[in-house]
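These are the residues of each chain, in order.
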Amino acid sequence: MRRRGFLAAGAGLGLAPALARPAVAQNAAAQVLRVIPQANLTSLDPFWTTAVVTLNHGYLVYDTLTAVDSKGVPKPQMAEGWEVAEDGRAWTFTLRPGLRFHDGAPVLARDCVASVTRWAKRDAFGQVLWMAVDALEALDDRRLRFRLKAPFPYLALALGKSSSPAFIMPQRLAEVDAFTQIREAVGSGPFRFIANEWNPGQKAVWEKFAQYVPREEAADGLAGGKLAKVPRVEWTVISDPATAAAAMSTGEQDYWEYPLHDLLPMLKRSRDLVVQQRLTEGTYGCLRLNHLQKPFDNVGIRRAVAMAVDQRDYLRAVAGEGTDAWGECPGVFTCGTPLSNETGSEILKTRNVEQARAALKAAGYNGERVVVVAPGDYPQINALSLVTADLLQRIGMNVELVSTDWGTLVQRRTSREPVEKGGWSVFHTTSPGTSLNLPPIHLMLRANGKDAWFGWPDDPEIERLRAAWLQAADAAEGKRIADALNARAMQTIPYIPLGFYWQPSVWRRGLAGVQPSSSTTFWNIEKT
């Protein structure tokens, strides 16, 4: 699959000087951090959707009881700390004093109880945690207690992990049904969302929350002091990469989250720009199949597709020919981490269209329409989608490629209907490596049927192994279970791993405080 070329957009994109601006305009610009986000913000509810753009919004607006540092260790965040008693079956968290929501109300323990309860109904790790919870209660305004059926040593990690943490919101919002999308964003984080300036597809705005109480220690990963060092953050959606590159070059924008790889050499030539790998883990491509509807309710057909996949084709489509920009990873756990393994992964090493075509026929494929939904405004995921659409046609499937915007895709993937009624067969997404390194965090491995993530795989054996990993007596036993999980996933194909690529970000040299992180955050960044 050929990559779309954008180099003809102008050889001087990375070198064009910024036009002189009046002093008043320059001062005004210094008050605003102008960002080109990786996608359009269409949902404000970080529990309802796992879209990374909504997660990034969440980190601006909300805070968490715990947060992971740069080594992935959970630390107190909104909490002063926690006490563990009764042989690990009672965890008591005490809130820091002075915390307030953006509407002026104090943050109380009952807000935290309601928020964690709602989060646990949707989050993969939260669902596992909730199976161990006997009760969660507010003891008073500042203390909340988990009473557990059995010890759960990963509780603090579950609440504050980098992807989909238990963001804290007011009780009135947290009590909204977990499967109903909240349309209001009120948190207690360093920035407050400006709803009347939100124009989906174009612009989103946050302003510094003057009453935010940061922790006193330095920031470390997603933990520590979160300082709003600019009064205002503006996201401007620019779906055309060449236009985005020009805006960075001329100084109209300050930060571009996911620049197109084709344009990186040009951007690196500009003395005014920094091109750097800020995200601390690789970005992993994921091919998700709809297990509820034909034809991918048939495991034989899912396996036929896996036989045809060549991760190298996908990674070249996104990041080019240089293997330093990407890496194959024929397993379900983040490569280079303790649980990474290739047990049973031979199917992903087949890479044979002819064998896949024969397997598809043997599995009983009968020409059912396969709808691949592709986000035309999200170049990286769109490239993955185009490779799959071409591959499915080559193995003999009846493919319809539906090109839409990312926001519409995020909404459509929630549909359980057949394709004739607006459903879908295949979509693609990406995930940071920090979301795929442990069984309870790994969203793609949740296989509890209609309660699983979009695609809804149903495999009791995967669920049994996930639960067993939490009870492993030591690291060696945990590794054996992870090997078994990989082997089982390669048999039933809850999703198809596509390898990983490195996704740099670009920012103006006038920005200070841009630190490596597992998620894109905008606190502690200032314009100099």
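Bear in mind the structure is a predicted one, so any value in this text is a computation, not a measurement. (Residues numbered from 1 in each chain as written. Predicted model: local features only at pLDDT ≥ 70, side-chain atom pairs only at ≥ 80, totals over all residues. Heavy atoms only, no water.)

Undergrad: Before we go on, may I ask you to explain the pattern of salt bridges in this structure?
TA: Any two side chains of opposite charge can pair, given that their charged atoms come close. Counted under the stated rule, the structure contains 31 salt bridges. Two residues, Asp63 and Lys226, come together in a salt bridge whose shortest N-O distance is 2.9 Å. Of this pair, Asp63 sits in the loop between α2 (52–61) and β2 (66–68) while Lys226 sits in the loop between β9 (203–208) and β10 (232–236), placing them 163 residues apart in sequence. When the shortest N-O distance is used, the salt bridge between Arg172 and Glu184 registers 3.0 Å. Here the residue Arg172 occupies a position in helix α6 (residues 171–174), and Glu184 occupies one in the loop between α6 and β8 (191–193), the gap between them amounting to twelve residues. On the basis of relative accessibility, which here comes to 36%, the residue Glu184 falls in the partly exposed class. Here the salt bridges do not stand alone but share partners, grouping Arg192, Glu197, Lys203, Glu207, Arg232 and Glu234 into one network. (Salt bridge = Lys/Arg side-chain N within 4 Å of Asp/Glu carboxyl O. Helix = DSSP H or I, 4+ residues; strand = E, 2+ residues; numbered from the N terminus. Buried < 20%, exposed > 50% of the residue type's maximum accessible area, 1.4 Å probe, protein only.)

Undergrad: Please explain the state of the cysteines as it appears in this structure.
TA: Between two cysteines, a covalent bond joining their sulfur atoms is known as a disulfide. Evaluation of the coordinates by the stated rule reveals one disulfide. Paired by a disulfide, Cys329 and Cys335 hold their sulfur atoms 2.0 Å apart. Between Cys329 and Cys335, the S-S torsion sits near 110 degrees, and that sign places the bridge as right-handed. Lacking any disulfide linkage, Cys286 is separated from the closest cysteine sulfur, that of Cys329, by 10 Å. (Disulfide = S-S within 2.5 Å.)

Undergrad: Please explain the packing of helix α3 (residues 109–122) against helix α4 (residues 124–132) as it appears in this structure.
TA: When two helices pack together, you describe them by how their axes are tilted relative to each other and by the distance separating the axes. α4 packs onto α3 with a crossing angle of 110 degrees between their chain directions and a minimal axis gap of 6 Å. Taken together, the axes of α3 and α4 lie roughly perpendicular to each other. Viewed along their axes, α3 and α4 form a crossing whose handedness is left-handed. Where α3 approaches α4, its residues Val116, Thr117, Trp119, Ala120, Lys121 and Arg122 are matched on the opposing element by Ala124, Gly126, Gln127, Leu129 and Trp130. (Axes fitted to C-alpha atoms, helices over the stretch in contact; angles between N-to-C directions. Parallel < 35°, antiparallel > 145°, perpendicular 65-115°, else oblique. Left-handed = near helix turned anticlockwise from the far one by under 90°. Contact = heavy atoms within 4.5 Å.)

Undergrad: It is not clear to me how the nonpolar core should be interpreted in this structure. Could you clarify?
TA: Burial of nonpolar side chains together is a common tendency in soluble globular proteins. Ranked by internal contacts, the top residues of the largest apolar core, which has 149 residues, are Phe146, Trp206, Trp235, Met397 and Ile496. In contact with Trp206, not counting residues within four places along its chain, are Leu41, His57, Leu60, Val61, Phe191, Arg192, Phe193, Ile194, Pro231, Arg232, Val233 and Trp235. Ala244, Ala245, Ala247 and Met248 belong to the second largest nonpolar core, which has 14 residues in total. (Core = buried A, V, L, I, M, F, W, Y, C linked by side-chain atoms within 4.5 Å.)

Undergrad: Got a minute to help me understand helix α7 (residues 241–250) in this structure?
TA: In an α-helix, one turn spans 3.6 residues; hence positions three or four apart end up facing the same way. Of all ten residues in α7, seven are buried; the element is thus mostly enclosed. What α7 keeps buried is the set Pro241, Ala242, Ala244, Ala245, Ala247, Met248 and Ser249. The inward-facing, buried residues of α7 contact β1 (32–36), β11 (255–256), α8 (264–268), β12 (273–276), α12 (379–394) and β19 (505–508). Once α7 finishes, Gly251 follows within two positions and takes phi at roughly 85 degrees, a positive value.

Undergrad: I'm lost on the sheet that holds strand β7 (residues 143–148) in this one. Help?
TA: What holds strands together in a sheet is hydrogen bonding between their backbones, with the strands either parallel or antiparallel. An order of β4-β5-β7-β6 is seen for the four strands of this open sheet, with the pairing classed as antiparallel. Strands with a single pairing partner mark the edges of an open sheet, and in this sheet they are β4 (79–85) and β6 (133–138). Between one strand and the next, the sheet's axes are offset by a mean angle of 15 degrees, whatever the strand orientation. The pairing of strand β5 (residues 90–95) with β7 spans five bridges and is antiparallel. Paired with Thr94 across the strands is Arg143, a residue of β7. Against the sheet, α3 engages β5, β6 and β7, with an angle of about 150 degrees to β6. Taken strand by strand, α4 contacts β6 and β7, and its axis lies near 95 degrees from that of β6. (Pairing = 2+ DSSP bridges.)

Undergrad: In this structure, what is going on with the sheet that holds β11? I would like to understand it.
TA: Overall, mixed pairing links the seven strands, which are arranged β8-β9-β10-β1-β11-β19-β12 in an open sheet. Here the strands that pair on one side only, and so sit at the sheet edges, are β8 and β12. As judged from the two bridges shared by β1 and β11, these two strands associate in the parallel manner. Paired with Val35 across the strands is Tyr255, a residue of β11.

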